[in-house]
Amino acid sequence: MSRLEDLEAFIHIAETGSLTKAARNLGRSLQAVSRSLAALEEDVGVQLVHRTTRHSSLSEAGEAFFRRVKPAMEEIGEARLEVADRRAAPSGLLRVGAPVLFGPDFLVPIIAQYMRAYPQIEVDLQLTDAFVDLATAGLDLVVRIADLPDSGLQGRRLGALRRVVFGAPSYFKQHGRPAHPSELRQHACIVRSVDQGPGQWAFQIDGKRRNVGVQGPFRTNTMAAIYSAVSAGLGIGYSPLWQIRQLLDAGQVEVILENFESKPVPIHALWQENRLPPAKVRAFVDYLAAGLKLDRF
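Residues numbered from 1 in each chain as written. Predicted model: local features only at pLDDT ≥ 70, side-chain atom pairs only at ≥ 80, totals over all residues. Heavy atoms only, no water.

A. Representation of unusual backbone geometry within the structure. Positive phi, normally seen in glycine, also occurs at Asp-206, with a value near 55°. Note that Asp-206 resides in the loop between β9 (200–205) and β10 (208–213). Positive phi is not limited to glycine here, since Leu-257 has a value of about 55°. By secondary structure assignment, the location of Leu-257 is in the loop between β13 (254–256) and β14 (265–272). (Helix = DSSP H or I, 4+ residues; strand = E, 2+ residues; numbered from the N terminus.)

B. Quick look at helix α8 (residues 223–231). Within α8, the full set of buried residues consists of Met-223, Ile-226, Tyr-227, Ala-229 and Val-230. With its buried residues spanning 165° around the axis, α8 presents them on a single face. Considering only its buried residues, α8 is in contact with β7 (163–167), β8 (191–192), β11 (219–220), β12 (237–240) and α9 (241–249). Where α8 ends, the next residue or the one after it, Gly-233, has phi of about 85°, a positive value. (Buried < 20%, exposed > 50% of the residue type's maximum accessible area, 1.4 Å probe, protein only. Arc of directions from axis to C-beta. Contact = heavy atoms within 4.5 Å.)

C. Representation of the nonpolar core in the model. Counting 26 residues, the largest nonpolar core has Phe-102, Leu-141, Val-143, Ile-267, Phe-284, Leu-288 and Leu-292 as the members making the most contacts within it. Per-element accounting of this core gives the leading share, six residues, to helix α5 (residues 102–117). Excluding its chain neighbours within four sequence positions, the residues that come into contact with Val-143 are Gly-97, Ala-98, Pro-99, Phe-102, Leu-107, Ile-267, His-268 and Leu-288. By size, the runner-up hydrophobic cluster in this structure holds 18 residues, among which are Ala-188, Val-191, Phe-203 and Ile-256. (Core = buried A, V, L, I, M, F, W, Y, C linked by side-chain atoms within 4.5 Å.)

Coordinates in, geometry out; function isn't part of it.
Dropping the structure here:
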C-alpha cells in the first residue's frame, strides 16, 4: 500500500508541475520526493508523471489518479485537524450574530454558561435583524429565525417558533373575536410598515399556506410600537409568540386563531460552509442545542 507521504508528494508534483517546487513546498529533499514518486508508480504499476529537466506533467493515468486521490487526501487532512482540534479546549474570540430582540433574553444566558465553562473564550455578540454575510461581517456563527433558502452555509436546527395573532381583551370586548382568518379584513389590524409584504399575514387554511391581506388605521415601523398599540386596544397584531410571551403571561393580550397558525418558523445556528467548524463553534452550538428552551414558544 502506498505511503501517505508518497501520495502527498504526487499531489504536490501534480499541482506545481515540478519535482523541485514540490520538494520545496513539502520541506523535503528533491531526492526524497523523486523516490516517493518512483515508489508510488511502482505500487500502482503505471507511469503517473512525464518528467523532463524543466517540467513534469501528468500522464493520462496520472490525471485520473489525481482526480480520485486529491479529495481523499483532503479528507485525511481534515480528519487529522479534527482529532487535534478536539484535544484542545475552545479558546479565542467567538463572534456571534443574532436577532435584536432574541439575543438578550435567549442567547446571553447561554453565552454566560459557555464562557464560565471555557475561561479562555471571549464573545462578541452582534445584534441585528438583517441577514448579514458572515464573511463580510467577520462572524463565526449566526442564529437566524426564518425559512432559509440554500445559502451555502452549514447549520444545525435548534427548534421552531410559532407566529400568532393576538389582541387585547378590551379590543375583543368592543369589536368581537374573529373566528376565521378571513374575518380579519373586518377588523383593525396593526401592520408593520417596513415589512417586505406589509399587511400580508400567513395562515394554514384547509391544509395549505395562505396569506390574508389585512389593514387598519394605525401602522408603525417597529414591533415594540405594535405591542404597545395592541395592548392599548388599538387593534390586532401578528408576531412571533416569543416576543409577546410576557404580555400574554400578564394577561395584557390573548392569542386567537390558533387552529389556523402557519407552520412554526425554524431557528438555526449557521456557520460558513466548512466540513470542520472550529472547536469554539462546535462547543457553542452544543450549548445552544442544550440550553434553548422553546417549549412555550
